[in-house]
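For reference, the chains in residue letters:
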Amino acid sequence: MILPIHIYNSKILKTKTKEIDKNFKALSELIKNMFETMYSANGVGLAAPQVGLPIRLFIIDSYQLKNNIPKIIGIKQAFINPLIVNYSEEENIDTESCLSLPNLKLTIKRKNWITINYFDENFNFKKETFYDYEARIIQHEYDHLEGILIIDKINPIEKKLINLKLNYIARGKIKPNYKYIIKK
């Protein structure tokens, strides 16, 4: 089932999320629905707050980028209760977009690699290091679990420059081509 994606200015997007356990009701169905929602919106990642749930869960599928970005390994994974435990000092800058900020692309600085502890969809504990674009996607989705959007990572001058566009998004004047919800 395709879920509506919460758009900029929805309070859930600024909410710090809570951990879940393996008894979380209908977890596998939720993960399946999140993948379906992400694919229908042409995304490569989706966090639970974006579909209205204040829980520590996100999904990614970087296989979709393999044809365009040679460095992509290709990962399709759910991350439950993730915690970034280490990261590189080195950073890189690249363009990012966000399903909760339709039609907006921003240049964002991210760590080159990260090590993350998490549980997979079967609640198996994992500790893995991710690099390059996969690390970027994971950091983006992880930020959602902390109530951080990409617009929180730009300087105030840049934010002023996109303020009109943010107002349009918040008022529903920019309509994405996927199921969405604007909730204050």
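In this text the structure is predicted, and so the values were computed from the model without any measurement.

Peer 1: Explain the sheet that holds strand E3 (residues 57-61) here, please?
Peer 2: Paired through backbone hydrogen bonds, the strands of a sheet run either parallel or antiparallel to each other. Read from one edge to the other, the open sheet built from five strands follows the order E2-E3-E4-E7-E8, with strand pairing classed as antiparallel. The open sheet has two edge strands, strand E2 (45-47) and strand E8 (125-131), and neither has a second partner. For this sheet, the mean inter-axis angle between neighbouring strands, taken without regard to orientation, is 40°. Sheet analysis places E2 next to E3, joined by three bridges and oriented antiparallel. Each residue of the ladder has a partner; that of Ala 47, found in E3, is Phe 58. Together, E2, E3 and strand E4 (76-87) form the strand contacts of helix H1 (residues 27-40), whose direction differs from that of E3 by roughly 45°.

Peer 1: Looking at this structure, how should I read the environment of Ala 47?
Peer 2: With respect to the helices and strands, Ala 47 occurs in strand E2. Each C-alpha atom, one on Ala 47 and one on Phe 79, is 9.4 Å from the other, the two residues being 32 residues apart in sequence. The contact partners of Ala 47, leaving out residues within four places of it in the chain, are Met 34, Leu 57, Phe 58, Glu 141, His 144 and Leu 145.

Reading the values: the criteria
- Residues numbered from 1 in each chain as written.
- Predicted model: local features only at pLDDT ≥ 70, side-chain atom pairs only at ≥ 80, totals over all residues.
- Heavy atoms only, no water.
- Pairing = 2+ DSSP bridges.
- Helix = DSSP H or I, 4+ residues; strand = E, 2+ residues; numbered from the N terminus.
- Axes fitted to C-alpha atoms, helices over the stretch in contact; angles between N-to-C directions.
- Contact = heavy atoms within 4.5 Å.

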